[in-house]
Amino acid sequence: MSAQLNPTGCPKKAPAIMKSGTALLLLTMLSLIIASFWTLGLKWGDFLSMEAFRSMGRFIAEFFPMETDSEFLVKVGWGTVETLAMSLMGTALAAVAGLALAIPASKLHSSDKGLMRTPTRWVLNALRSIPELVWAALLLISAGLGPFAGTLALAFHTTGVLGRLFAESIENAPPEPADALRTQGIGNLRVFYFTTLPQVIPQLMSYTLYRWENNIRAAAILGVVGAGGLGQLLSFHMGLFQMGKTATILAAMLLLVAIVDSMSYHLRRRMTR
Amino acid sequence: MSSLPVHNPRFDVPLRDPAWHQRMFWIVFSIVLVWPLAVATEFRPGVLFEPENMRISAEFIGSFFPPVLEPDLLWRIVGATWTTVAIATAGMVMALTIAFPLTILSTRVLSISAISGRMNTLPFVVRQAIRWVLIFLRSIPELVWALVFVRVVGLGPTAGVLAIALTYGGMLGKVYGEILESGETTPTETLLRNGSGRMQAFFYGLLPQNVMELTSYTVYRWECAIRSSVVLGFVGAGGLGQELDNSMKMFNGGEVSTMLIVFILLVALADAVSAFFRKRLV
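Owing to the predicted nature of the structure, the values given are computational and were not obtained by experimental measurement.

Here we come to the overall build of chain A. The number of helices and strands found in chain A is 11 helices and zero strands. Listed N to C, the secondary structure of chain A is α-α-α-α-α-α-α-α-α-α-α in terms of helices and strands. Relative to the 2.2 N^0.38 estimate, which gives 19 Å for 273 residues, the radius of gyration of chain A is 27 Å and therefore markedly larger than a compact globule would have. Projected onto its principal axes, the C-alpha coordinates of chain A cover approximately 80 × 70 × 40 Å. Looking at chain A residue by residue over its 273 residues, the buried ones come to 37%.

Attention now moves to the packing of helix 6 (residues 132-143) of chain A against helix 7 (residues 147-172) of chain A. All names here are of chain A. Two numbers describe how helix 6 lies on helix 7: the axes approach to 8 Å, and their chain directions differ by 130 degrees. As far as their axial angle goes, helix 7 and helix 6 are oblique. Regarding helix 6 and helix 7, the two cross each other, and that crossing is right-handed. Each of Glu132, Trp135, Ala136, Leu139, Leu140 and Ala143 in helix 6 lies in contact with helix 7, whose residues at this interface are Phe148, Ala149, Gly150, Leu152, Ala153, Leu154, Phe156 and His157.

On to unusual backbone geometry. The peptide bond linking Phe64 of chain A to Pro65 of chain A adopts the cis configuration, its omega dihedral lying at 0 degrees. With respect to the helices and strands, Pro65 of chain A occurs in the loop between helix 3 (50-61) and helix 4 (70-102). The residue after Phe65 of chain B, namely Pro66 of chain B, is reached through a cis peptide bond having omega -5 degrees. With respect to the element layout, Pro66 of chain B can be found in the loop between helix 2 (51-62) and helix 3 (71-106). A positive phi is found at Glu42 of chain B, a non-glycine position, where the angle reads about 50 degrees. The residue Glu42 of chain B is located in the loop between helix 1 (20-40) and helix 2 in this model. A positive phi angle is found at Phe251 of chain B, which is not glycine, with a value near 55 degrees. Relative to the elements of secondary structure, Phe251 of chain B occurs in the loop between helix 9 (240-249) and helix 10 (253-281).

Looking at the element boundaries, Ala126 of chain A is found in helix 5 (residues 117-129). Taking the C-alpha atoms as reference points, Ala126 of chain A and Ala220 of chain A, separated by 94 residues in sequence, lie 23 Å from one another.

It is worth spelling out the interface of chain B and chain A at this point. The interface is formed by 45 residues belonging to chain B together with 46 residues belonging to chain A. Among the secondary structure elements, those contributing two or more residues to the side of chain B that touches chain A are helix 1, helix 2, helix 3, helix 5 (142-153), helix 6 (157-182), helix 8 (198-232), helix 9 and helix 10 of chain B.

This part is about the packing of helix 5 of chain A against helix 7 of chain A. Residue and element names in this part refer to chain A. Packing of helix 5 against helix 7 brings their axes to within 7 Å, and their N-to-C directions diverge by 130 degrees. Taken together, helix 5 and helix 7 sit at an angle that is classed as oblique. For the element pair helix 5 and helix 7, the recorded crossing hand is left-handed. Only Phe156, His157, Thr159, Gly160, Val161, Gly163 and Arg164 of helix 7 make contact with helix 5, whose side of the interface consists of Leu124, Asn125, Leu127 and Arg128. Looking at the contact of helix 5 with helix 7, its residues break down into four nonpolar, five polar and two charged.

The rules behind these values
Residues numbered from 1 in each chain as written. Chains lettered and ligands numbered in written order. Predicted model: local features only at pLDDT ≥ 70, side-chain atom pairs only at ≥ 80, totals over all residues. Helix = DSSP H or I, 4+ residues; strand = E, 2+ residues; numbered from the N terminus. Rg over C-alpha atoms; globule rule 2.2 N^0.38 Å. Buried ≥ 20, exposed ≤ 12 C-beta atoms within 10 Å, placed from the backbone. Axes fitted to C-alpha atoms, helices over the stretch in contact; angles between N-to-C directions. Parallel < 35°, antiparallel > 145°, perpendicular 65-115°, else oblique. Left-handed = near helix turned anticlockwise from the far one by under 90°. Contact = placed C-beta atoms within 7 Å. Nonpolar A, V, L, I, M, F, W, Y, C, P; charged D, E, K, R; others polar.

Right under this line is the structure:
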């Protein structure tokens, strides 16, 4: 006995467009969005009115002409060098610290109890979830104004990020070479140094380079809280409403990021080819 | 048969590190490289251990414990946390409204002239121009946009929402374009070849194919936006960041530690929610 079909041959009930769970999910998203706009009380008038556009226009017009005084350009050049140095130093410190923390944060072999694994991962998570800028604001108190605080801030946050990634690569490395040395009775540290590390080092390098790229961007703005580099110049001159100088600093930032972007793009292309 | 310890001359060779030269080279090289960097970043760890600094730091860190748990402060933090989430959410919605039309206008897949040979000059120029706009929007960090908008619309969440909208609009526009162009384009192309309009081809060909990936990326970005909206508070865009900045300036360690704990929990929660959404979607 075949099922009764209606004349068009379609099942009577239209198929559900989506699962009820998905619908609930979308409903949650929608209510979150509505609640957000509702409670923030955005001043739409302040940025959509004619008056706002005019004041915005005036504000942008003040950026020009850009300051091109050679003395100031040298200052901006130094700011750029400082930004680059902060990012390099911060990333290098983080790579070292990240590796040092990644070892206790991973199970080195199958009979390793990994007692320190969970606590170390908690530390790494805490380091990672506090953004660079918040670290910088905190560290200003001990390290004083200037690029040193910024470098340390980058190092703290990046240690969290790299430590976790490094631990993951160490745990995923093929265990056979390490086991071969371990059965000879060689200590854990030497086993790690002569088998696991050489296996994972290309991956660690690529993670570190990727973070360096991120950190250049971060270093450029850290100075807004007083931690050196281009950001410090930016907030200083913007605070004094010297818009021409602000425009020059912004241009330097954009240029720096653009150069780094295109360099990494070409490097990646050459490495994947 | 007794096994006497036999002297084996093979083990008399002194232990030698085969990679010694290489190692020394890298150590010297990095010292030479690190020295100028340390100078440029005014890297003086000694500063941290000067008695005066040690005293201040110890006092500040000491005041972290115990975290302040007064109901007054907790309510303020709850409010600020919600503001932070709301800024990120509203910013993302506005970023979407910026990115969506720009993506449709700039994607190569919806070009009719590009189906057969080269794209015509005018559409090519328009698409390229839109790409440049997107690059400009995302090259300026959201913190800098926020600094600018704080001066135009004043202190408060509006500046934060606008900052996230512009930077994330640029990012979403770029990545949406990449997602649309990397997928299977045959159905869209077929629709266009058979005379359907661009919007028809988009809604019936391109969008259904990629909607999951697009949504999943958007949710991931929302998670990032929550993190940046905290940071935006430091330049006066309201929310948890601003409260944190105020407490730090007053050296109130107890309040700072409460807020940091809340912030870490918030990030973990956003992480979990976003992972859950993305798993449901894919």
